[in-house]
Amino acid sequence: MAEAEAVQLKEEGNRHFQRQDYKAAAKSYSQALKLTKDKALLATLYRNRAACGLKTESYVQAASDASRAIDINSSDIKALYRRCQALEHLGKLAQAFKDVQCCATLEPRNQNFQETLRRLNTSIQEELRVQFSTDLRVQKMFEILLDGNSKADKLEKAANNLIVLSREEAGAERIFQNNGVALLRQLLDTKRPELMLAAVRTLSGMCSGHRARATAILHAVRIDRICSLMAVENEELPLTVCNLLQAIIDALSGEDKREHRGKEEALVLDTKKDLKQITNHLLDMLVSKKVSGQGRDQALNLLNKNVPRKDLAIHDNSRTIYVVDNGLRKILKVVGQVPDLPSCLPLTDNTRMLASILINKLYDDLRCDPERDHFRKICEEYITGKFDPQDMDKNVIAIQTVSGILQGPFDLGNQLLGLKGVMEMMVALCGSEREADQLVAVEALIHASTKLSRATFIITNGVSLLKEIYKTTKNEKIKIRTLVGLCKLGSAGGTDYGLRQFAEGSTEKLAKQCRKWLCNTSTDTRTRLWAAEGLAYLTLDADVKDDFVQDIPALQAMLELAKTPDKTILYSVATTLVNCTNSYDVNEVIPELVQLAKFSKQHVPEEHPKDKKDFVDMRVKRLLKAGVISVLACMVKADNAILTDQTKELLARVFLALCDNPKDRGTIVAQGGGKALIPLALEGTDVGKVKAAHALAKIAAVSNPDIAFPGERVYEVVRPLVSLLNTQRDGLQNYEALLGLTNLSERSDKLRQKIFKEKALPDIENYMFENHDQLRQAATECMCNMVVNKEVQERFLADGNDRLKLVVLLCGEDDDKVQNAAAGALAMLTAAHKKLCFKMTQVTTQWLEILQRLCLHDRLSVQHRGLVIAYNLLAADAELAKKLVESELLEILTVVGKQEPDEKRAAVVQTARECLIKCMDYGFIKPVS
């Protein structure tokens, strides 16, 4: 019974294969393989599944299946040839050549085998020639680089050539085989920065996407040596070494997404030990005084990127648990660093923020309450262990640590604020005579007032304290921080006009002072950054945001600060811009609930008059005029963990608000907005990706894609637009995504192929059934462009679907635009395949009536398309033509063909006459003398 069922499944697979449904065919063959032990049948099934693998471009699977068929029958010519094809696609030319040689021996007269032999022989000879010349080039480059007397220009050229070569698989392998790693280590020992950079970049290229090579390089260069290079006081080298380590981590953890086979897979069985060693060294770097601020930043960046899970659906969070157990105290030490204390580690402006972000990511990556409790206990023990009545420095570090955690996981920070003595210590430090103590205490108070409930507590207890410090201190750094504290407390009511914390006009005064500091270029950058943070809170007030956007010097000063190396400002600037453009989420006000709230004497949120659309549009205009797009593009490029997913979401919100008016989209494209949106649409929070994709759709709908997304970037736009076709998105997002895809699909067949591969076709068809006129029109126009693609045409040719019927029926719609698009699609389909001409007459009994209506349409473009369809049907077959001539269509063609062809009607009249000439060719009608 099992054998009979296996044969049945094989036949079913063959039918699927003939219908070009290769996945279904492979599934049938796989099921059959489980049911049979017959060797001949097994060989056939493996051979057939190999053919499916070739069709679906699964070349590793195809080669494997063909090999199994050959193991059963070594002279299976079809299996040998299929393995040859798969190996050729995998770049294994020598093995492919051996297989096709066997095929040619078995069938010497087969021209296909002879042609493949010649082609592979030529490719192998070329590969050997390139390999030989590459070996010589590699040797020559190292000679120049290691020669102490080489001239600077020669050195630079050799270094750059080596880097380029390492980025190609063949070049990287030749460098590796020619003792390249040992020679690169010699370059690292030269202590010459330009040669060290070249060596590190070459090693990065060699590690990318190759697990065995990455492991060998890690062991040869040694992780402690790599980390010591990252620790140097230099901005460029730590970043380059960070990229090398990232390439090694990606290769070892399989993040490079390449398939590993054969010897390479056998060489590297377990990489966990190496990955753990890298993690340990990075954690040790955090607390070492020998490590520069830049090196510490890069170590934190690597931990941020590689320790927490990228997808919470993955169950395994062992890397996070390991870092919490072995490194959380080290991260807390970085967070608690106070720059004014003599014991402080070397830091940059970004270091503490990066450590706070790492704590936040680790905490979010924990799966259950026991894990979170363990995390909290480590933090509590660390902080309470620092409290010491005899040593004020330790108390300051403890409060600085709490302040840093408050910038990370809010819930954990708020729990730590409840620890005995924490709030009291903050208040005590505010009254300290040491300015360093006041600085830390005020910052901690600012971060502590994140929630309205806690802010209300601090308003009643801490405002007078902050005001007193503001009045008495002469230190500008403390003054600005107390000001920001007051700003944050003043904005605790959010956008609610009726829930102001301070007296009328107080927030405007605070904002005025912030703008003054922002514009003062003589003060240090850090102080000005705090002024920008103050505005991030205060711009929730509509009066403040309106005044700020009109204050051009202050606006320009903030935008310029966003371009500085200190990336801690990114969130503040993004928040301010979200507030100014009103692109935050606003709850819908339901009148019935408002009445109910008033009746029960509950607070009802009030909208500020300056938050109405006219004022928002004016602010958007001013921001665009100030050059905000180029600044946003600069912010998106920040390759730094400080550019968090939340910050990306804020930037996406701003972009969407700026793209709202179609007239402004040209300016946005000209300033690089189109390119900047692509990474925001591909990475970040779900909300952020949707907002960025919507902004991309708005741009793609009205812009020339070649200008908006130059080069290969245009292909990256397709996936975000397709994601908007989801039925969970709103109608406007669906509509603008369809417009964008229509515009893209018009450009090239490569783009149409990309849209098809992203599985957009079922969604586009779905919207062609929509009741909403505009959605149906947009989907039909998109399909009109898509039918030019051969794979889309094959979907229409396939049996058992109503695609063609839908298009024919849409041609009979009352909406001119839908008719025009559907007629265009039908004209192209019937021109491409005669089979579709016959199929059109079978899908619905109304086809002839619809065709006649098209040929008599008032709109010339629709009429022209109808006549083209008529010509395609006439040209397809004499019997079909006879059926058309016997109908009223002949009379319609005669009337249209006799018209005088003026400039507008020329194409219509000419097509009608071509239809009549076709009828004459068949002998159905005769010319009148």
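Reading the values: rules and limits
Along each chain, residue indices are assigned from 1 in the same order as the chain's sequence is written. In view of the model being predicted, local features appear only for residues whose pLDDT reaches at least 70, and side-chain atom pairs are presented and counted only at 80 or more, with totals across whole chains, interfaces and linings using the full set of residues. Excluded from the side-chain calculations are hydrogens and water; all other atoms, namely the structure's heavy atoms, are used. Going along the chain from the N terminus, every DSSP run of H or I of four or more residues is numbered as a helix, and every run of E of two or more is numbered as a strand. Only protein chains enter the accessibility calculation, which uses a 1.4 Å probe. A residue is then buried if its area is under 20% of the maximum for its type, exposed if over 50%, and partly exposed in between. Any two residues having at least one pair of non-hydrogen atoms within 4.5 Å are treated as being in contact. All accessibility values rest on the Shrake-Rupley procedure with a 1.4 Å probe; residue burial counts only the protein chains present in the view. None of His or the chain ends enter the tally, which takes Lys and Arg as positive and Asp and Glu as negative. In plain terms, the charge of a residue is placed at NZ if it is Lys, CZ if Arg, CG if Asp and CD if Glu. In summary, the pairing rule links any two rings of Phe, Tyr or Trp, Trp by its six-membered ring, whose centres are within 6.5 Å, and it sorts them by plane angle into stacked for under 30 degrees, edge-to-face for over 60 and tilted for everything else. Should a side-chain nitrogen of Lys or Arg be within 4 Å of a carboxyl oxygen of Asp or Glu, the pair is scored as a salt bridge. Scored from 0 to 100, pLDDT reflects the predictor's confidence in each residue. For helices, the axis comes from a line fit to the C-alpha atoms of the stretch in contact; other axes are also lines fit to C-alpha atoms, and the angle between any two N-to-C directions lies between 0 and 180 degrees. Here roughly perpendicular refers to angles of 65 to 115 degrees, roughly parallel to angles under 35, roughly antiparallel to angles over 145, and oblique to all remaining angles. Note on residue classes: Ala, Val, Leu, Ile, Met, Phe, Trp, Tyr, Cys and Pro are nonpolar, Asp, Glu, Lys and Arg are charged, and everything else, Gly too, is polar. Remark: nonpolar core denotes a set of buried residues (Ala, Val, Leu, Ile, Met, Phe, Trp, Tyr, Cys) joined through side-chain atoms within 4.5 Å. Between N or O atoms, a polar contact is any pair within 3.5 Å; within protein, one atom must be a potential hydrogen donor and the other a potential acceptor, and residues adjacent in sequence are included only when both atoms are from side chains. The reported arc concerns the directions from the helix axis to the C-beta atoms and nothing else. Here, the term disulfide refers to a pair of cysteine sulfur atoms separated by no more than 2.5 Å. Distance thresholds for patches are 9 Å for like charges and 5 Å for nonpolar side chains (Val, Leu, Ile, Met, Phe, Trp, Tyr), applied to residues having over 30% relative accessible area and no salt bridge. A helix is expected to span 1.5 Å for every residue after the first.

(A) Layout of the overall build of the protein chain. The number of helices and strands found in the protein chain is 53 helices and zero strands. Its C-alpha atoms put the protein chain at 110 × 75 × 70 Å along the principal axes. Across the 929 residues in the protein chain, those meeting the buried criterion constitute 53%. A separation of at least 24 residues holds for 69% of the contacts in the protein chain among residues at least 6 apart in sequence. When the accessible area of the protein chain is evaluated, it comes to approximately 44,500 Å², of which 50% is carbon and sulfur surface. When the 129 positive and 123 negative side-chain charges of the protein chain are each reduced to one mean point, those points stand 3 Å apart.

(B) Spatial organisation of the packing of aromatic side chains. Going through the model one piece at a time under the given rule, you end up with four aromatic pairs. When the centroid spacing of 5.1 Å and the interplanar angle of 50 degrees are considered together, the rings of Tyr81 and Phe113 count as tilted. With a gap of 32 residues between them, Tyr81 in helix α5 (residues 77–89) and Phe113 in helix α7 (residues 111–146) connect regions that are remote in the sequence. When the centroid spacing of 5.3 Å and the interplanar angle of 65 degrees are considered together, the rings of Tyr363 and Phe375 count as edge-to-face. On the criterion of sequence distance, the pair formed by Tyr363 in helix α19 (residues 351–364) and Phe375 in helix α20 (residues 369–386) is long-range, its members being twelve residues apart. Classification of Phe375 as buried rests on a relative accessible area of 0%.

(C) Inspection of the side chain of Arg352 at higher detail. Mapped onto the fold, Arg352 is located in helix α19. Buried charge without a partner: Arg352 forms no salt bridge, and the closest opposite charge is Glu443, 4.2 Å away. Setting aside anything within four residues of it in sequence, one finds Arg352 in contact with Val334, Val335, Gln337, Leu347, Gln400, Gly404, Gln407 and Glu443.

(D) A look at the pattern of salt bridges. One pass over the full model with this rule turns up 39 salt bridges. A salt bridge links Glu194 to Arg192; the nearest nitrogen and oxygen atoms lie 3.3 Å apart. What makes Glu194 partly exposed here is its relative accessible area of 44%. The class for Arg192 is partly exposed, based on a relative accessible area of 31%. In this structure, the salt-bridge partner of Arg434 is Asp437, at a minimum N-O distance of 2.9 Å. Taken together, the shared-partner salt bridges connect Glu169, Glu173 and Arg213 into one network.

(E) Representation of the confidence of the model for the protein chain. For the protein chain, the mean per-residue pLDDT works out to 84, and 91% of the residues sit at or above 70. The spread of mean pLDDT over the elements of the protein chain runs between helix α15 (residues 262–267), the lowest at 40, and helix α18 (residues 318–335), the highest at 93. Within the model, the stretch residues 451–455 combines pLDDT values under 50 with eleven contacts to residues more than four positions away or in other chains. Note that pLDDT drops below 50 for residues 493–502; the model gives that stretch 31 contacts with residues more than four away or on any other chain.

(F) Quick peek at the packing of helix α49 (residues 847–855) against helix α52 (residues 889–897). The contact between α49 and α52 brings their axes to 10 Å, and the two run at 10 degrees. The angle between α49 and α52 places the two elements in the roughly parallel class. Taken together, the residues of α52 that come into contact with α49 (itself represented by Leu851, Gln852 and Cys855) are Leu889, Ile892 and Val896. For the contact of α49 with α52, the per-class residue count stands at five nonpolar, one polar and no charged.

(G) Up close: the nonpolar core. Counting 260 residues, the largest nonpolar core has Phe375, Met426 and Leu632 as its most contacted members. Those residues in contact with Phe375 that sit more than four places away from it in its chain are Val324, Leu328, Ile359, Leu362, Tyr363, Leu366 and Leu412. With 34 residues, the next largest nonpolar core counts Ala6, Tyr46, Ile70 and Cys84 among its residues.

(H) Here's a closer look at the environment of Thr351. In this structure, Thr351 sits in helix α19. Setting aside its immediate chain neighbours within four residues, Thr351 contacts Gly293, Arg296, Asp297, Leu300 and Val334. At 2.9 Å, the side chain of Thr351 and the backbone nitrogen of Thr348 are in polar contact.

(I) Quick look at unusual backbone geometry. For Gln20, which is not glycine, the phi dihedral falls at a positive 65 degrees. If you trace the backbone, Gln20 turns up in the loop between α1 (2–18) and α2 (22–35). On the accessibility criterion, Gln20 (43% relative accessible area) is partly exposed. The phi torsion at Arg222 lies on the positive side, around 75 degrees, for a residue other than glycine. Tracing the backbone through its elements, the reader meets Arg222 in the loop between α12 (211–221) and α13 (223–230). Residue Arg222 is classed as partly exposed on the basis of its relative accessible area of 42%.

(J) Fine view of helix α43 (residues 761–768). Every buried residue of α43 is accounted for by Leu761, Ile764, Glu765, Tyr767 and Met768. Axial view of α43: buried residues confined to an arc of 160 degrees, hence all on one face. Those residues of α43 hidden inside the fold are in contact with α41 (731–745), α42 (749–757), α44 (773–786), α45 (790–797) and α46 (803–810).

(K) Spotlight on the packing of helix α29 (residues 542–550) against helix α30 (residues 552–561). In contact at an axis separation of 5 Å, α29 and α30 are set at 85 degrees when each is read in the N-to-C sense. Regarding the angle of α29 to α30, the classification is roughly perpendicular. For the pair α29 and α30, the contacting residues are Phe548, Val549 and Gln550 in the first and Ile552, Ala554, Leu555 and Met558 in the second. Among the residues making up the contact of α29 with α30, the classes are represented as six nonpolar, one polar and no charged.

(L) Focus on the state of the cysteines. For the coordinates displayed, the defined rule picks out zero disulfides. No disulfide involves Cys634; its sulfur sits 18 Å from the nearest other cysteine sulfur, which is in Cys659.

(M) Expanded view of the environment of Pro193. Tracing the backbone through its elements, the reader meets Pro193 in helix α11 (residues 193–207). Exposure remark for Pro193: the relative accessible area of 47% places this residue in the partly exposed category. Separated by 41 residues in sequence, Pro193 and Asn234 place their C-alpha atoms 9.4 Å apart.

(N) Spotlight on the side chain of Arg619. Structurally, Arg619 can be placed in helix α33 (residues 613–625). Among the polar contacts listed, one links the side chain of Arg619 to the backbone oxygen of Cys580, at a separation of 2.7 Å. A polar contact is formed between the side chain of Arg619 and the side chain of Asn582, at a distance of 3.1 Å. Not counting chain neighbours up to four residues away, the residues in contact with Arg619 comprise Lys545, Asp546, Val549, Cys580, Asn582, Lys610 and Asp611.

(O) Seen up close, a positive patch on the surface. On the surface, Lys305, Lys310, Arg319 and Lys361 cluster together into a positively charged patch. According to the relative accessible area criterion, Arg319 is partly exposed, its value standing at 42%.

(P) Structural detail: α44. Over its 14 residues, α44 extends 20 Å from the first C-alpha to the last, a length consistent with the 20 Å expected when each residue adds 1.5 Å. Judged by how many residues are buried, α44 sits mostly within the fold: eleven of 14 residues are covered. Regarding α44, the residues found buried are Leu775, Arg776, Gln777, Ala778, Ala779, Thr780, Cys782, Met783, Cys784, Asn785 and Met786.

(Q) Region of interest: the environment of Cys634. If you trace the backbone, Cys634 turns up in helix α34 (residues 628–636). Taking relative accessible area as the criterion, Cys634 reaches 27% and is therefore assigned partly exposed.

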